[in-house]
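Structure assessment
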Amino acid sequence: MTISILAYDAETGTYGGAATTGSLCVGGWVLRGDAESGLSASQGSLPSTLWGTQVLERMRAGRPAAEAVSGVVDADAGRAHRQLAALDPKGGTGHFTGASSIPAAGARQAPSVVVTGNLLSGDDVLEACLDGYRKAHGNMAERLVAALEAAASAGGDSRGLLSAALLVVSRSAPPLSLRVDYSETPLQDLTDLHRRATSGAYGEWARLVPTLDEPERAMPYSETVTPAG
């Protein structure tokens, strides 16, 4: 199973994506994006990382997500083996599931959120992921992880899960890109990694670096903060 979710929170101006799969390195394959272009999730039995980048370029140029997805997909003769989801900077969504995607495969969407998956135990996994996000509380990252956990609880994949990833971006904060590339418990490990990345000395330091809204920020860190760069 590869299942991904992309979402936008208009109140905070935050974009987020999360993915998990029964194979390795899901974050490097699936998730792409930034607060000026939107987000993409490219997956499938023969996923195209090119799709993920190309749809972002189209959205950054002003095309809505659905139009951007169609433009990328229609030009690829191998599209039957791939899936693509996109979230544009205004919160619009678009998605494509190729005809040769391994079932159960498909997508679900609601305002400012889109879920895609393939090799699922059933279509109800898609519904569970979407409902898990919409019912969850907390910040964007916490809601996205809750969505993946709901998908896994709904049946997921008989292979189990081996990797998970999270990408959260906004104009007012540095990007948060977390990957668990191999683990017997990737969602648990992703939750723990998120906690470590947003608290303590590392979390304090991360709140001082430049952002899109404040690109020249150079606030000095205290002696108790350990820089990452």
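Summarised in this report is the structure supplied together with it. (Residues numbered from 1 in each chain as written. Predicted model: local features only at pLDDT ≥ 70, side-chain atom pairs only at ≥ 80, totals over all residues. Heavy atoms only, no water.)

1. Re the overall build of the chain
The number of helices and strands found in the chain is seven helices and 10 strands. Expected size for 229 residues packed as a compact globule is a radius of gyration near 17 Å; at 17 Å, the chain falls within 12% of this value. In terms of overall dimensions, the chain has a C-alpha envelope of 55 × 40 × 30 Å along the principal axes. A burial count over the chain gives 49% of its 229 residues as buried. Within the chain, counting contacts between residues at least 6 apart in sequence, those at least 24 apart form 52% of the total. (Helix = DSSP H or I, 4+ residues; strand = E, 2+ residues; numbered from the N terminus. Rg over C-alpha atoms; globule rule 2.2 N^0.38 Å. Buried < 20%, exposed > 50% of the residue type's maximum accessible area, 1.4 Å probe, protein only. Contact = heavy atoms within 4.5 Å.)

2. Some words on the nonpolar core
Formed by 32 residues in total, the largest nonpolar core has its most connected members in I3, I5, Y133, L144 and L166. Residue assignment for this core shows that the elements contributing at least two residues are β1 (2-9), β8 (113-118), α4 (124-135), α5 (140-153), β9 (163-170), β10 (176-180) and α6 (186-197). When residues of this core are assigned to their parent elements, the largest contribution, seven residues, is made by α5. Those residues in contact with L166, other than ones at most four positions away along the chain, are G17, A18, L31, A141, L144, L176, S177, L178, L190 and H194. Core analysis: the next-biggest nonpolar cluster, separate from the first, contains 16 residues, Y15, A19, A85 and L87 among them. (Core = buried A, V, L, I, M, F, W, Y, C linked by side-chain atoms within 4.5 Å.)

3. What about the sheet that holds strand β6 (residues 93-97)?
Pairing in this open sheet of four strands is antiparallel, and the strands run β3-β4-β5-β6 from one edge to the other. Two strands bound the open sheet, and with one partner strand each, they are β3 (31-34) and β6. The mean inter-strand angle of the sheet, taken between neighbouring strand axes irrespective of direction, is 10°. Here β3 runs beside strand β4 (residues 38-44); their pairing, made up of four bridges, is antiparallel. Residue D34 lies in a different strand from β4, and its bridge partner there is G38. The strands that helix α3 (residues 65-74) touches are β5 (82-87) and β6; relative to β6, the one it contacts most, it runs at about 30°. (Pairing = 2+ DSSP bridges. Axes fitted to C-alpha atoms, helices over the stretch in contact; angles between N-to-C directions.)

4. Observations concerning the side chain of N118
Relative to the elements of secondary structure, N118 occurs in strand β8. The class for N118 is buried, based on a relative accessible area of 7%. A polar contact of 2.9 Å, which involves the side chain of N118, links it to the side chain of Q83. If near-sequence neighbours (up to four positions away) are discounted, N118 is found in contact with M1, T2, Q43, G44, Q83, I102, A104 and A105. (Polar contact = N/O pair within 3.5 Å; in protein donor to acceptor, adjacent residues only side chain to side chain.)

5. What to know about the side chain of T2
Mapped onto the elements, T2 comes out in strand β1. Among the polar contacts listed, one links the side chain of T2 to the side chain of T21, at a separation of 2.8 Å. Setting aside its immediate chain neighbours within four residues, T2 contacts T20, T21, V26, V30, Q43, T116, G117, N118 and L120.

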